[in-house]
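The residues making up each chain are set out below.
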Amino acid sequence: MKLLSFSVAAAALIASMGAAAAQDAAAGEKVFAKCKVCHQIGEGAKNMVGPVLNGVVGRHAGTYEGYHYSDANKNSGITWDEATFKEYIADPKAKVPGTKMSFAGIKDQQKVNDLIAYLKQFGPDGKKQ
């Protein structure tokens, strides 16, 4: 009986840990407010101080048409997947030395997870998928 109780408790703990790491696009939209100063996303988005972020997850760094990237970003060899984005958004200058992105970073992993969920909604054309 003790083993069964332990197993149930362990399963509940694992489930709660998964829920804590879940991505929430609505919460990510609020996190994106920090990014809006320099970036746009969605239909009709335009390059600003930073490039448009439509379709960023899965895109090669330094390739959004019409944006003038730093050589560091263009030559980084990065493809923006979740793990790479998490490292970058925590400290852009540490991940890509020489980037012109001047942003202190987002350290809270839940906020980063939520931000990724929000960004992933937008395809390369800016439409929500």
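Residues numbered from 1 in each chain as written. Predicted model: local features only at pLDDT ≥ 70, side-chain atom pairs only at ≥ 80, totals over all residues. Heavy atoms only, no water.

J.: Any chance you could explain the side chain of asparagine 73 here in plain terms?
T.: Structurally, asparagine 73 is set in helix α3 (residues 71–74). In this view, asparagine 73 contacts Ala61, Gly62, Tyr88, Val96 and Thr99; residues no more than four positions away in its chain are not counted. (Helix = DSSP H or I, 4+ residues; strand = E, 2+ residues; numbered from the N terminus. Contact = heavy atoms within 4.5 Å.)

J.: Would you take a moment to explain the pattern of salt bridges for this structure?
T.: When their charged atoms lie close together, side chains carrying opposite charge are able to pair. Evaluation of the coordinates by the stated rule reveals three salt bridges. Here lysine 95 and glutamate 87 are joined by a salt bridge, their closest N and O atoms 2.6 Å apart. A residue is classified by how much of its surface remains accessible, and lysine 95, at 30% relative accessible area, is partly exposed. (Salt bridge = Lys/Arg side-chain N within 4 Å of Asp/Glu carboxyl O. Buried < 20%, exposed > 50% of the residue type's maximum accessible area, 1.4 Å probe, protein only.)

J.: What's the story with the environment of glycine 55 in this structure? I'm lost.
T.: Checked against the element boundaries, glycine 55 lands in the loop between α2 (25–31) and α3. A relative accessible area of 16% means that glycine 55 is categorised as buried. Distance from glycine 55 to lysine 120, taken between C-alpha atoms, is 7.0 Å for residues 65 residues apart in sequence. Ignoring sequence-local partners within four residues, the contact set of glycine 55 consists of Phe122, Gly123 and Pro124.

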